[in-house]
Amino acid sequence: MTTSSRERPTYAGAKEILPARFPLEYRAFRQLHRDVYLRYAFVRTEREAAAVRCVEAVFQTLSAEWTAALRSETPAARAWQLLRQEATARSECRPGHSWSVHCLLEGQQADAFLLRHRLGLPVAQTATFMGVADYTVRAWLRTAERSLLGVPRCVPLAGVGW
């Protein structure tokens, strides 16, 4: 009997689903990206359990489409797209809540700002995780910073330390 994936226990009872093809590459990608993905998801969801579920959902989907992701221009861009979707579904901008940059800025721009200014990643590393060029991240950051200058000081920005 041939299976399309292998399971291996990971933390907290979750199962790591490995793709049938290129499992070592997938495992390396997961190992290199998981910590930053968890940090990003935690900032977006504000709950550890939600962040873990978010990242696990991303890697489950990515495992299922790993061969296609490898054929794409950059697997990191596909993974980041999945992460954004999952984090957005688990987070909210609600009244009485300190505003996150995702309530004030457009998607990729807010992500770049969060990675750079909240998580403290250098521009090159931010670009790598998002699967885009350095100059694209720099442009998003400049635009984000200009946009946030127009936010009144009385608006509390959660996690914005720039």
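Residues numbered from 1 in each chain as written. Predicted model: local features only at pLDDT ≥ 70, side-chain atom pairs only at ≥ 80, totals over all residues. Heavy atoms only, no water.

S.K.: Is there a simple way to think about the packing of helix α1 (residues 23-45) against helix α6 (residues 107-118) in this case?
M.R.: Two quantities define a packed helix pair, namely the angle between the helix axes and the distance between the axes. With their axes 11 Å apart at the nearest point, α1 and α6 run at an angle of 105 degrees to one another. Considered as vectors, α1 and α6 are oriented roughly perpendicular to each other. Contacts between α1 and α6 involve V36, Y40, V43 and R44 from the first element and D111, L114, L115 and R118 from the second. For the contact of α1 with α6, the class distribution of residues is five nonpolar, no polar and three charged. (Axes fitted to C-alpha atoms, helices over the stretch in contact; angles between N-to-C directions. Helix = DSSP H or I, 4+ residues; strand = E, 2+ residues; numbered from the N terminus. Parallel < 35°, antiparallel > 145°, perpendicular 65-115°, else oblique. Contact = heavy atoms within 4.5 Å. Nonpolar A, V, L, I, M, F, W, Y, C, P; charged D, E, K, R; others polar.)

S.K.: In this structure, what is going on with α1? I would like to understand it.
M.R.: Given 3.6 residues per turn, any residue in an α-helix points the same way as the ones three and four places further on. Helix geometry: α1 is bent most strongly at H33, by close to 45 degrees. Backbone geometry just after α1 places E46 at a positive phi near 65 degrees. (Bend = angle between axes of the 7 residues up to and from the residue.)

S.K.: Can you walk me through the nonpolar core in this structure?
M.R.: Taken as a class, soluble globular proteins show a tendency for nonpolar side chains to be buried jointly. With 42 residues, the main nonpolar core has Y37 and L62 as its most contacted residues. Only α1, α2 (48-64), α3 (66-71), α4 (75-90), α6, α7 (123-130) and α8 (134-149) provide two or more residues apiece to this core. Of the residues forming this core, the biggest block, eight residues, is contributed by α1. Setting aside residues no more than four positions away along its own chain, L62 makes contact with Y26, F29, A69, A79 and L82. (Core = buried A, V, L, I, M, F, W, Y, C linked by side-chain atoms within 4.5 Å. Buried < 20%, exposed > 50% of the residue type's maximum accessible area, 1.4 Å probe, protein only.)

S.K.: I'm lost on the packing of α4 against α7 in this one. Help?
M.R.: Two elements in contact, α4 and α7, have axes separated by 6 Å at closest approach and are oriented at 80 degrees. Relative to α7, the element α4 is oriented roughly perpendicular. Residues A76, A77 and W80 of α4 form the contact with α7, whose own contacting residues are T128, F129 and M130. Partitioning the contact of α4 with α7 into residue classes produces five nonpolar, one polar and no charged.

S.K.: It is not clear to me how the environment of F29 should be interpreted in this structure. Could you clarify?
M.R.: Relative to the helices and strands, F29 resides in helix α1. The exposure class of F29 is buried, given its relative accessible area of 10%. In this structure, the C-alpha to C-alpha distance between F29 and F59, residues 30 residues apart in sequence, is 9.9 Å. With sequence-adjacent residues up to four places away left out, F29 is seen in contact with Y37, F59, L62, W66, P75, A76 and A79.

S.K.: Explain the side chain of S91 to me, please; I cannot follow it from the model alone.
M.R.: One can find S91 in the loop between α4 and α5 (101-104). Looking at S91, its side chain comes within polar contact range of the side chain of R44, at 3.3 Å. With sequence-adjacent residues up to four places away left out, S91 is seen in contact with R44 and T45. (Polar contact = N/O pair within 3.5 Å; in protein donor to acceptor, adjacent residues only side chain to side chain.)

S.K.: Please explain the pattern of salt bridges as it appears in this structure.
M.R.: Between side chains of opposite charge, a pair can form as their charged atoms come close. Tallied over the full model, the rule gives five salt bridges. E65 is paired through a salt bridge with R78; the nearest N and O atoms lie 2.5 Å apart. Within this pair, whereas E65 is found in the loop between α2 and α3, its partner R78 is found in helix α4, the two being separated by 13 residues in sequence. We classify E65 as partly exposed; its relative accessible area is 23%. Between R90 and E86 there is a salt bridge, and its shortest N-O distance comes to 2.2 Å. Here R90 pairs with E86, and both are found in helix α4, just four residues apart, close to one helical turn. Owing to a relative accessible area of 23%, R90 belongs among the partly exposed residues under this scheme. In the salt-bridge network here, residues are joined through shared partners; they are R30, R34 and E56. (Salt bridge = Lys/Arg side-chain N within 4 Å of Asp/Glu carboxyl O.)

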